[in-house]
Structures are given as structure tokens and as C-alpha cells.
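One letter stands for each residue in the lines below.
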Amino acid sequence: MSTPTAAPPALRPEDFLNIDRMLSDEERDIRDTVRAYVRDKITPNVGDWFEEGQVPAAELAKELGSLNVLGMHLEGYGCAGASATAYGLACMELEAGDSGIRSLVSVQGSLAMFAIWKWGSEEQKQEWLPRMAAGDAIGCFGLTEPDAGSDPGSMRTRARRDGDDWIVSGQKMWITNGSVSEVAVVWAQSDEGVLGFVVPKGTKGFTTQDIHKKLSLRASITSELLLDEVRLPDSARLPLVSSLKGPLSCLNEARYGIVWGATGAARACFEAALSYSKERTQFDKPIASYQIQQQKLAFMATEVNRGTLVALQLGRLKDEGAIRPEHVSMGKLGNVNGALEVCRNARQVLGANGITLEYPVIRHMNNLESVVTYEGTADVHALSIGQALTGISAFR
Ligand code: TGC
Ligand code: FAD
């Protein structure tokens, strides 16, 4: 075995394990482009959006479309056809800005667009995907219902045939971008299994209502979808799937993005805490000089680097076509829980300043309370891993 002679590169707090060198030039370019966009367009405004509980979704969708990040890991129909790893890096940078911005991109590309791309007809793809990739049309994904969250198989939304048409009735809850979407992908139970429908805004009987008083994901629109005897032609049905496999396959995609994104939020909190700890003086010394604070910083740096390595490994597996849903469950469970712990530690380092929107920390911390719940709660992912380890399902 040869002994390296060159000195190892200097340690950098923002990339302690030098993970950057494991990326290709193209991946670094994409990452840097998204990072610059977040720095210039998101970070200066997102605290206000969060405080006001609103976000300029249409404007952001157009900008994100110009950046080529909407459905960026899909091939054809105006999509960028980037690698899964590049998509993950983009999610990481977007969520370093705010989970709500990453949510917009996840729901658009991994849920609504992916559903049409994977399970739709050629006509549906031609009609929606180019506009959605460009950010000219926002899409949402309606799976969850008031009484069917972790257990979407118990959904009550029903689709029944009526001649050549379908009649869809039901209620979807907690739907990201519901009221600002041009198109909703809605999942419904039917005599033929679980079916997906492409429901354009303005269809008779289809209305939305925003959910207010959220203390998390405030820079993101969350809505109810109400479907009251909505008549749809058979051409609105996603023809290639008729089971829960349809929506769950989309969730794999979005959950993968969250594995990266949550670590981006954690990184932003770590960087805020590191910088604050060096500037804030108490008892005549910067608080960074105290062992307890250094222990917190060391924990945060370790968790951010660990999370990034996990995400990168999943990215490489996905690019090879070797990823399994259980891998994604492990990534989401570990990285979101880790990110929450990083944010909670960072918030304490910032003292009273940690509770204000002047710093990003409590915003990220509150956002992650949604992230740990949506796209499969931490418990659901633990049970998926448990099932893979033991061969025993503990869901029921
Ligand atoms: P089960 O009987 O196991 O499976 C039913 C059918 O689905 C297939 N399947 C999968 N296919 C693809 N990917 C997966 N991960 C799959 N898991 C299962 C399975 O093979 C079967 O296919 P088939 O052809 O035999 O019919 O289903 P179950 O009812 O026991 O449920 C399993 C469970 C609990 C894991 C699943 O229901 C689950 O994941 N629940 C969590 C629900 C969830 O995550 N909802 C998220 C809603 S969307 C959202 O939150 C967006 S947030 C906004 C943002 O992302 O930013
Ligand atoms: P429940 O399923 O009722 O769970 C409550 C508790 O019970 C949790 O702790 C859970 O882990 C636990 N639990 C459930 N089952 C078991 C079990 N078998 N064993 C042990 N514990 C269990 N959905 C969409 O379809 N589209 C969207 O765009 C979307 N966006 C969202 C945006 C936000 C901001 C939020 C907060 C949610 C969004 N969701 C969306 C919904 C989200 O996917 C659900 O909230 C999530 O799946 C959990 O469902 P629930 O809230 O009904 O909780």
C-alpha cells in the first residue's frame, strides 16, 4: 500500500469531511447555481414570507423553472434529465433556504410531475409536463385525507364510472400548493383499485380552501381539496396504475429529496450557530471558547457531515438503479431526526436571538416539525426499516 506524501487539505467547517471532492464538476456547478439563487432570492425574503404566512408561489415557480430544477431528474418533456445526485444537491441548497421552497420543488417535480411522467398517458405528459417544468403551471398531489394520513389505503375519496366518464368525490387534506395549482393529481379508491386523476383547476365541483394558523412551513401554501361529484373524462385518469403502488412510488422520489433537503436546513442552522458563537461574548470571552458550546458545535458538524454522506450514498445508489424504498426510509428517518437535533442545539447557542426570525434557526426548526411528519412520519419509516430487518410487518 502506498503512503500519501502530500499534506491533507485544510479543514473547512462548511465541509469538514471534504465531501465536495466526491462530486463531479457538473454536480458542483448545479449545486453552486442553486446555492447562489437561494442566497440572492430566497434568504433575503423568506423570513418575511414566513412571518406573513404567504409566499409568491407563481413567481417562484417561474424562477425555479428557469433554474431547471422542476422535475429536473426526469427525462424528456422539457425536463432537465439530471442525475438523482444533482437533484438531491439542489434540494439540499433549496432547503438550506427554507423547507417550504424545497417542498414547492418536491411536490412539483417528485409528486405531481413524477405521477404524470411515470403513470400518465402520452397526451397527459405532452399537455402538462413542459408547462410544469417551466414553472408556468404549478401542480399539487392529493393523497392525504382528514381520516387517512399514514394509512392512505383507508382513503374515502371515491371514483365511480358513469358511462365514459368518472365521478370523483371526497376531501384531501394538508395539500401543499393546493390553491395555487393549475392541476391536481388526486388519488381515489374505486372498484378497479386506487386510481390517480389529473384534475385541472376550475373543473366543476373542484374547490380548494387554505389551511391557516400553521406555525411550521409558513412560507408554503397548504390547502384542502374538495371534490364534490367532479365529472372527469377517462382521459383524465392516469392509465398505467390502479393500486397504492401509484402514489407510493411518487413518495419514494419526494422522500429521497427530503433526505438531502433536511441536511441543508441543518447546515444552515449549524453555520448560523458557528458564526454567532464566535461573535457573541459573555463572561469576557466569545461563547465559542466554552467547552459546552464547542460540544454542541462538534455535534452539529458531525450530524451535517453524516447526513450529507448518507444522502450522497443514496444518490449514488439511485443513479445506479440500486435504491430501495427502505434505503430512503433510513435516510429520511435519520437525516430529519438529525437535522431537528442540530436545529434545537443551534437555537440554544443563539440564546434569546434564537427565537427570532432575524436568524434562520427557529424557522428551520419549526419547519422540520412538518418535514418529520409529512412524506411518512418518523414512525412509519422506522416501521418500514423494522419490517425489512425482521421480515415482520408491525403496521397493523
Ligand atoms: P402495502 O400493502 O405495503 O402496499 C400497497 C401497494 O403499494 C406497493 N408499495 C410501494 N410501491 C412503491 N414504493 C413504495 N415505497 C411502496 N410501498 C408499498 C406494494 O408493493 C403494493 O403494491 P401492489 O401492486 O401489490 O398493490 O401498503 P400499506 O397500505 O400496508 O401501506 C404501507 C405504508 C404504511 C408504508 C404506506 O402506506 C405509507 O408509506 N404511508 C405513509 C403515507 C405518506 O407518506 N403520505 C405522504 C403524503 S404526500 C406528502 O406528505 C407530501 S408533503 C410535501 C413535500 O413533500 O414537501
Ligand atoms: P397520522 O397518520 O394520524 O399519525 C398520527 C401519529 O400516529 C403519528 O405520530 C404517526 O407516526 C402515528 N402512527 C400512525 N400509524 C402508526 C402505526 N401503524 N404504528 C405506530 N404509530 C403510528 N399530504 C399529501 O397528500 N400531499 C401534500 O402535498 C401534503 N403536504 C403536507 C404539507 C404539510 C405542511 C403537512 C404538515 C402535511 C402534508 N401532507 C400532505 C400530509 C402528510 O403526508 C401527513 O400529515 C402524514 O402522512 C401523516 O398523516 P397524519 O397527519 O394524518 O398523521
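Since we're looking at a predicted model, the values are computed, not measured.

Visitor: Would you explain the site of ligand 2 in this entry?
Guide: Lining the immediate surroundings of ligand 2 are 16 residues, of which Thr-144, Ser-150, Trp-174, Thr-377 and Asp-379 lie closest. Burial of ligand 2 by the surrounding chains reaches 67%, relative to a free accessible area of 970 Å². Among the detected pockets, ligand 2 sits in the largest pocket. When residues of the shell around ligand 2 are traced back to their parent elements, those giving at least two are strand S3 (165–176) and helix H10 (378–390). When residues in the shell around ligand 2 are grouped by element, the largest group, three residues, is from S3. In the shell around ligand 2, the residues fall into seven nonpolar, seven polar and two charged.

Visitor: When you look at the packing of helix H1 (residues 25–52) against helix H9 (residues 361–371) in this model, what are you seeing that I'm missing?
Guide: Each pair of packed helices gets described by two things: the angle between the helix axes and the distance between those axes. Running from amino to carboxyl end, H1 crosses H9 at an angle of 55 degrees, the nearest separation of the two axes being 11 Å. It follows from the interaxial angle that H1 and H9 lie oblique. Of the two possible hands of crossing, H1 and H9 adopt the one that is left-handed. Where H1 approaches H9, its residues Val-46, Gly-47 and Phe-50 are matched on the opposing element by Arg-363, Asn-366 and Asn-367. Residues of the contact of H1 with H9, tallied by class, amount to two nonpolar, three polar and one charged.

Visitor: Any chance you could explain the environment of Arg-231 here in plain terms?
Guide: Within the secondary structure, Arg-231 sits in strand S7 (residues 222–233). Considering only alpha carbons, one finds Arg-231 and Gly-246, 15 residues apart in sequence, at a separation of 21 Å. If we skip the residues at most four places from it in the chain, Arg-231 touches Asp-162, Asp-165, Trp-166, Ile-167 and Thr-203. A polar contact of 3.0 Å, which involves the side chain of Arg-231, links it to the side chain of Asp-165.

Visitor: Looking at this structure, how should I read the site of ligand 1?
Guide: Of all residues adjacent to ligand 1, which total 23 residues, the nearest are Ser-103, Asn-252, Arg-255, Glu-375 and Gly-376. One of the backbone N or O atoms of Lys-245 is found 3.4 Å from an oxygen atom in ligand 1. One of the side-chain nitrogen or oxygen atoms of Asn-252 is found 2.8 Å away from a nitrogen atom of ligand 1. Burial of ligand 1 by the protein chains amounts to 71% of its free accessible area of 1,100 Å². Listed by contribution, the elements that provide at least two residues to the shell around ligand 1 are helix H4 (99–119) and helix H6 (245–279). Element by element, the count of residues in the shell around ligand 1 is highest for H6, at six residues.

Scoring rules and cut-offs
- Residues numbered from 1 in each chain as written.
- Chains lettered and ligands numbered in written order.
- Predicted model: local features only at pLDDT ≥ 70, side-chain atom pairs only at ≥ 80, totals over all residues.
- Heavy atoms only, no water.
- Near = heavy atom within 4 Å.
- Areas by Shrake-Rupley, 256 points an atom, 1.4 Å probe, with all protein chains shown as cover.
- 1 Å grid on protein atoms, 1.4 Å probe; cavity = no way out; pocket = protein on both sides within 12 Å on 5 of 7 lines; lining within 4 Å.
- Sits in = over half its atoms within 2 Å of the grid points.
- Helix = DSSP H or I, 4+ residues; strand = E, 2+ residues; numbered from the N terminus.
- Nonpolar A, V, L, I, M, F, W, Y, C, P; charged D, E, K, R; others polar.
- Axes fitted to C-alpha atoms, helices over the stretch in contact; angles between N-to-C directions.
- Parallel < 35°, antiparallel > 145°, perpendicular 65-115°, else oblique.
- Left-handed = near helix turned anticlockwise from the far one by under 90°.
- Contact = heavy atoms within 4.5 Å.
- Polar contact = N/O pair within 3.5 Å; in protein donor to acceptor, adjacent residues only side chain to side chain.

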